[in-house]
Amino acid sequence: FKELLSSVKRNTLKAYDHKLVPFEKVFDSLSMKRDLSQNPIFQVMFNEINLPDFTSINLPKLEMSLDFEIDNSVKVDLSLLFNITDDGIGLYMCYSSSLYKHSTIENMLKHFEKLLKEIISTPDKPIKNIDYLSEDESNERQIQINDFFN
């Protein structure tokens, strides 16, 4: 995982060299047809929600509360949002229900949780060697592979 993280860091820093190039110029150079119904660059987003770690503020003659609610209007096909607090990490998955079933999203979150636990416990392990499937899923996959080749 550390190797992957280093690669992402290198590529991100190199990309900053081109940050002043207008988006339209980049898009036009790719000779792609523009579809205004979807994001032209990506369909999956991973984002930190940087919210303060409080739920209410009391000031003289003023009371304010913070209600955290995710906007469910999907702007990309799949969006994983996270918020780090003193209590832990909150994960929020927004997805296009025309593309994904709820059970698929639940499995994705379980896989992501297993992946994170493995990264934390063995950060030097190459990402390709991390098994994010449950034991049942691994067994099912092996049966499918065996059936395919028999």
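Residues numbered from 1 in each chain as written. Predicted model: local features only at pLDDT ≥ 70, side-chain atom pairs only at ≥ 80, totals over all residues. Heavy atoms only, no water.

Caption draft 1: Up close: the overall build of the protein chain. The helix and strand inventory of the protein chain stands at 4 helices and 5 strands. Each helix and strand of the protein chain, placed in order from N terminus to C terminus, yields the pattern α-α-β-β-β-β-β-α-α. Within the span of the protein chain, comprising 150 residues, buried residues form 14% of the whole. Taking the contacts inside the protein chain whose residues are at least 6 apart along the sequence as the reference set, 37% of them involve residues at least 24 apart. Carbon together with sulfur atoms contributes 55% to the accessible area of the protein chain, which is approximately 12,600 Å² in total. (Helix = DSSP H or I, 4+ residues; strand = E, 2+ residues; numbered from the N terminus. Buried < 20%, exposed > 50% of the residue type's maximum accessible area, 1.4 Å probe, protein only. Contact = heavy atoms within 4.5 Å. Areas by Shrake-Rupley, 256 points an atom, 1.4 Å probe, with all protein chains shown as cover.)

Caption draft 2: Local environment of a nonpolar patch on the surface. Side chains of Val21, Val26, Leu30 and Met32 sit close together on the surface and give an oily, nonpolar patch of about 320 Å² of accessible area. You can see Leu30 is positioned in the loop between α2 (23–29) and β1 (44–48). (Patch = residues over 30% accessible without salt bridge, like charges linked within 9 Å, V, L, I, M, F, W, Y side chains within 5 Å. Salt bridge = Lys/Arg side-chain N within 4 Å of Asp/Glu carboxyl O.)

Caption draft 3: Molecular detail of the sheet that holds strand β5 (residues 88–95). Read across the sheet, 3 strands follow the order β1-β4-β5 without closing on themselves; strand pairing throughout is mixed. Both edges of this open sheet fall to β1 and β5, since each of them pairs with a single strand only. When the angles between neighbouring strand axes are averaged without regard to direction, this sheet yields 15°. Direction of pairing for β1 relative to strand β4 (residues 78–85): parallel, over a ladder of 5 bridges. Considered in β4, the bridge of Glu48 is made with Phe82. On top of the sheet, helix α3 (residues 102–121) reaches β1, β4 and β5; it is set at about 150° to β5, its chief contact. (Pairing = 2+ DSSP bridges. Axes fitted to C-alpha atoms, helices over the stretch in contact; angles between N-to-C directions.)

Caption draft 4: Structural context of the environment of Lys125. With respect to the helices and strands, the residue Lys125 is situated in the loop between α3 and α4 (135–149). Residues Lys125 and Phe1, 124 residues apart in the sequence, show an inter-C-alpha distance of 5.9 Å. Apart from the residues within four sequence positions on either side, Lys125 is in contact with Phe1, Glu118 and Ile130.

Caption draft 5: Structural context of the layout of surface pockets. Size it by volume and the largest pocket reaches roughly 240 Å³. Secondary structure elements with two or more residues in the lining of the largest pocket: β4, β5 and α3. Sorting elements by how many residues they give to the lining of the largest pocket places α3 first, with 4 residues. Residue composition of the lining of the largest pocket, by class: 12 nonpolar, no polar and no charged. (1 Å grid on protein atoms, 1.4 Å probe; cavity = no way out; pocket = protein on both sides within 12 Å on 5 of 7 lines; lining within 4 Å. Points joined across faces, edges and corners; volume = space filled by probe spheres on them. Nonpolar A, V, L, I, M, F, W, Y, C, P; charged D, E, K, R; others polar.)

Caption draft 6: Region of interest: the side chain of Ser79. As for its placement among the helices and strands, Ser79 is situated in strand β4. Discounting residues that sit within four places of it in the chain, Ser79 has contacts with Met45, Tyr92, Met93 and Cys94.

Caption draft 7: Expanded view of the pairing of β4. Along β4, 6 of the 8 residues are buried, which leaves the element largely enclosed by surrounding structure. Counting the residues in the hairpin turn of β4 and β5 gives 2 residues.

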